[in-house]
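Architecture and fold: a report
The residues making up each chain are set out below.
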Amino acid sequence: AAPPPPPQPPPTGRAGSGGLGEVGTALLGGLSHAVRGSIGGAAPPAAPAPPAAAAGGGFSELAISLHWYISLERRDPRHGPHYAAVYDALHVGLAATPAGAALRSMLRRQEALVGALSAAAQALKAAGESRPKRIARLQAMFEKDAGPLAPLRSLDAPLILPLDPTAAVVGALPERSTVFKSALSPISVTFRALLRPPAGSGGGASSSTSSDGGGGGSYAIIFKSGDDLRQDQMVLAMLRLMDSLLRAQGLDLQLTAYRVLATAPSEGMVERVAAFAPPPGLPKEQRG
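Residues numbered from 1 in each chain as written. Predicted model: local features only at pLDDT ≥ 70, side-chain atom pairs only at ≥ 80, totals over all residues. Heavy atoms only, no water.

Considering the overall build of the protein chain
Tallying secondary structure elements over the protein chain gives six helices and eight strands in all. Counting across all 288 residues of the protein chain, residues that qualify as buried make up 41%. In the protein chain, 65% of the contacts between residues at least 6 apart in sequence involve partners at least 24 apart. (Helix = DSSP H or I, 4+ residues; strand = E, 2+ residues; numbered from the N terminus. Buried < 20%, exposed > 50% of the residue type's maximum accessible area, 1.4 Å probe, protein only. Contact = heavy atoms within 4.5 Å.)

Following this line, the structure appears as structure tokens:
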């Protein structure tokens, strides 16, 4: 009888081989140490991740979502130390590989973006001015040396939005920024966006991404200060999951599930879905 075939080696992580890639390996390596450390009741030690050949876009999206979830929950007074340990382990793992280090640098840029939006929203909410004055003040914040939003007018390099890992933006459109009529004064900022995200970011076009006819597009977001969006984020995520499952079975309900990201216990970002015309013949009371 012929001898049995030799066992096949495990995937190496090369692109297209089904391996985890640098980001996936670093992500899982760092989190495994975090879990072991949290079970033992102590902070996890820093551990380098095994080398790999290339990064995977899916794990990049996972790392972005995980970063923001842990970053928020580590502020919890009861479980904060646990999440802080996982946060530290995640970033140590990412720093262990070139692709992970690049992703870690991009996460820092995302934090700067969110910090600028937060500062602007809080300043406008505390101003107590009329809505037209707040809109004018918001748009003036994009001028050089005039406010916290000046760095967002033109970014040095495309930045993947923390709200939507499939969208990359290159700068803001100040003239399209506005303040909504609400007690919390949420602000809306429109960014110049790439219609196709950079290689490795994954995904496709978003419902809030529109073409400008010149090879570019736009992506509008709402930033809210003073509102806990964690429940909204969970409900909309479940709606997107159910929609994907139904589509896989051939049932398309034409749902538009906008994205929500809580960036702090009382702050967050919401995708602003592009306006649409109601179907002809729809009764007035059903026109939203």
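Looking at the nonpolar core
Leu-117, Leu-149, Leu-152, Ile-187 and Ile-221 are the most contacted members of the largest nonpolar core, which totals 44 residues. Of all elements in the fold, only α2 (57–73), α3 (80–95), α4 (98–127), α5 (131–140), β1 (159–160), β2 (168–172), β4 (187–194) and β6 (217–225) reach the threshold of two or more residues within this core. Counting residues per element, this core draws most heavily on α4, which supplies 10 residues. Leu-72, Leu-229, Ala-257 and Ala-262 belong to the second-largest nonpolar core, a separate cluster that totals eight residues. (Core = buried A, V, L, I, M, F, W, Y, C linked by side-chain atoms within 4.5 Å.)

Looking at the environment of Ala-168
Relative to the helices and strands, Ala-168 is located in strand β2. Note: C-alpha distance between Ala-168 and Leu-194 (26 residues apart in sequence) is 5.7 Å.

Some thoughts on the pairing of strand β8 (residues 267–271)
Across the five residues that make up β8, a large majority, five, are buried. Every second residue of β8 is oriented toward a common face, with Glu-267, Met-269 and Glu-271 on one face and Gly-268 and Val-270 on the other, all of them buried. Judged from the five bridges that link them, β6 and β8 form a sheet pairing that is antiparallel. Looking at β8, one finds that Lys-224 is bridged to Gly-268. In the sheet, strand β7 (residues 260–264) pairs with β8 via four bridges, with the strands oriented antiparallel. What sits directly across from Ala-262, in β8, is Gly-268. Linking β7 back to β8 in an antiparallel pair, the connection comprises two residues. (Pairing = 2+ DSSP bridges.)

With respect to helix α6 (residues 230–248)
Taking 1.5 Å as the rise per residue, α6 with 19 residues should run 27 Å; its terminal C-alpha atoms sit 27 Å apart, in good agreement. Immediately beyond the C-terminal end of α6, within one or two residues, lies Gly-250, with a positive phi of roughly 85°. (Expected span 1.5 Å × (residues − 1).)

Focus: the packing of α3 against α4
Orientation of α3 relative to α4, taken along the N-to-C sense of each, is 130°, at an axis distance of 6 Å. As summarised for this structure, α3 and α4 are arranged oblique, according to the angle between their axes. In this structure, α3 uses Tyr-87, His-91, Leu-94 and Ala-95 to contact α4, whose residues at the interface are Gly-100, Ala-101, Leu-103, Arg-104, Leu-107, Arg-108 and Glu-111. Here the residues of the contact of α3 with α4 are counted per class, giving six nonpolar, two polar and three charged. (Axes fitted to C-alpha atoms, helices over the stretch in contact; angles between N-to-C directions. Parallel < 35°, antiparallel > 145°, perpendicular 65-115°, else oblique. Nonpolar A, V, L, I, M, F, W, Y, C, P; charged D, E, K, R; others polar.)

Brief notes about the side chain of Ser-188
Tracing the sequence through the fold places Ser-188 in strand β4. For Ser-188, the side chain forms a polar contact with the side chain of Arg-272, separated by 2.9 Å. Here Ser-188 is in contact with Leu-138, Arg-176, Ser-177, Thr-178, Phe-180, Ile-221, Ile-222 and Arg-272, once residues within four sequence places are set aside. (Polar contact = N/O pair within 3.5 Å; in protein donor to acceptor, adjacent residues only side chain to side chain.)

Read these as spatial facts, not as claims about activity.
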